[in-house]
Amino acid sequence: MNDLDLSILKQNLEKKGYGVSFFETKESATNYLASQINGKTVGFGGSVTIKEMNLFEILSKTNRVYFHDKTPDGLTVMQVRTLATRSDIYISSVNGISMDGQIINIDNTGNRVAAISYGPEKVYLVIGKNKVAKDFESALYRARNVSAPQNAKRLNRKTPCAVKGDRCYDCNAEDRICRNLSVLIHKPTGAEYEVILINENLGY
Ligand code: SF4
């Protein structure tokens, strides 16, 4: 169980220039996002957290939402990824975050880290408490040895980590999903960023 103090993380993120909202449950966070985002184009990065929050279904009621897991007829997965990165709003989770507010993501095609790093109008980063680590090294270890292997397992990748989802083997497999490593050490200039902290375990 992660007993790190999320109020301290919130303060540290605010010092770095992020907007931060805190919620006890994923349902309250989903309701908040639905109240904030209307009449926009919205892009999603690949994210179990987003699926667990039913954000595609809920935000699609009042926005045009692009999510490559829900590729519509007539578009390719890559076309949807591109439309998502160019949307007004981009929503993603993260693979790890340190208590001092450094945000870590590992990506395969790079669409997610590109959109997060060079945000559109606004970027929302939705983060369950299981993603929070005490320091940068622990957050990086988590991203590489917890988040990535479990995602490889979920995606049925032919990688050594996908057998048990236990740790990274730093593979050279054709199916390797770890090809980009991004660290937001401070809020990027340009786009508006809001971190949505949730006091529940969400995603990997
Ligand atoms: S580098 Fe390879 S073994 Fe390590 S987590 Fe990524 S896909 Fe799995």
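Whatever comes next refers back to the structure up there.
These numbers were taken from a predicted model, which means no experiment stands behind them. One numbering rule holds for all chains: residues counted from 1, following each sequence as written. Where totals are concerned, whole chains, interfaces and linings use all residues; where local detail is concerned, this predicted model gives features only for residues with pLDDT of at least 70, and gives and counts side-chain atom pairs only at 80 or more. The side-chain figures draw on all heavy atoms in the structure; neither hydrogens nor water molecules are used.

Asker: Before we move on, could you go through the site of the ligand and cite the residues and values that matter?
Answerer: Throughout, the term near means that a residue has one or more heavy atoms lying within 4 Å of the molecule or strand in question. Neighbouring the ligand are Arg-144, Ala-148, Thr-159, Cys-161, Cys-168, Tyr-169, Asp-170, Cys-171, Arg-176, Ile-177 and Cys-178. Assessed atom by atom at 2 Å from the grid points, the ligand resides in the largest cavity. Here the nonpolar group is Ala, Val, Leu, Ile, Met, Phe, Trp, Tyr, Cys and Pro; Asp, Glu, Lys and Arg are the charged ones; every other residue, Gly included, is treated as polar. Here the shell around the ligand is composed, by residue class, of seven nonpolar, one polar and three charged. Using a 1 Å grid laid over the protein atoms alone, points where a 1.4 Å probe fits but cannot get out form a cavity; open sets with protein on both sides within 12 Å along at least 5 of 7 lines form a pocket; any residue with an atom within 4 Å of a point counts as lining. A pocket or cavity is taken to hold a molecule when more than half of that molecule's atoms are within 2 Å of the pocket's grid points.

Asker: Hey, could you go over the packing of aromatic side chains for me, with residue numbers and the actual values?
Answerer: Only Phe, Tyr and Trp rings take part, Trp by its six-membered ring, and two of them pair if their centres are within 6.5 Å. Stacked means planes under 30 degrees apart, edge-to-face means over 60, and tilted covers everything else. With the rule as written, the count across this model stands at five aromatic pairs. The interplanar angle of 40° and the centroid separation of 5.1 Å between the aromatic rings of Phe-23 and Tyr-32 together place this pair among those described as tilted. Each residue's exposure class comes from its accessible area (1.4 Å probe, protein chains only) as a fraction of the maximum for that residue type: buried when under 20%, exposed when over 50%, partly exposed otherwise. Residue classification places Phe-23 among the buried residues on the basis of a relative accessible area of 13%. Taking relative accessible area as the criterion, Tyr-32 reaches 21% and is therefore assigned partly exposed. Aromatic pair Phe-44 and Phe-56: ring centres 6.5 Å apart, planes at 70°, arrangement edge-to-face. Of this pair, Phe-44 sits in strand β2 (residues 41-44) while Phe-56 sits in helix α4 (residues 55-59); the two residues are twelve residues apart in sequence, bridging distant segments of the chain. Among the aromatic residues, ring-to-ring pairing joins Phe-44, Phe-56 and Phe-67 into one connected group. Whether a charge sits over a ring comes down to the Lys NZ or Arg CZ being within 6 Å of the ring centre and within 35 degrees of the ring normal. A cation sits over an aromatic face here: Arg-167 above Tyr-169, 3.9 Å from the ring centre. Helix and strand definitions follow DSSP, with helices as H or I runs of at least four residues and strands as E runs of at least two, each counted in order from the N terminus.

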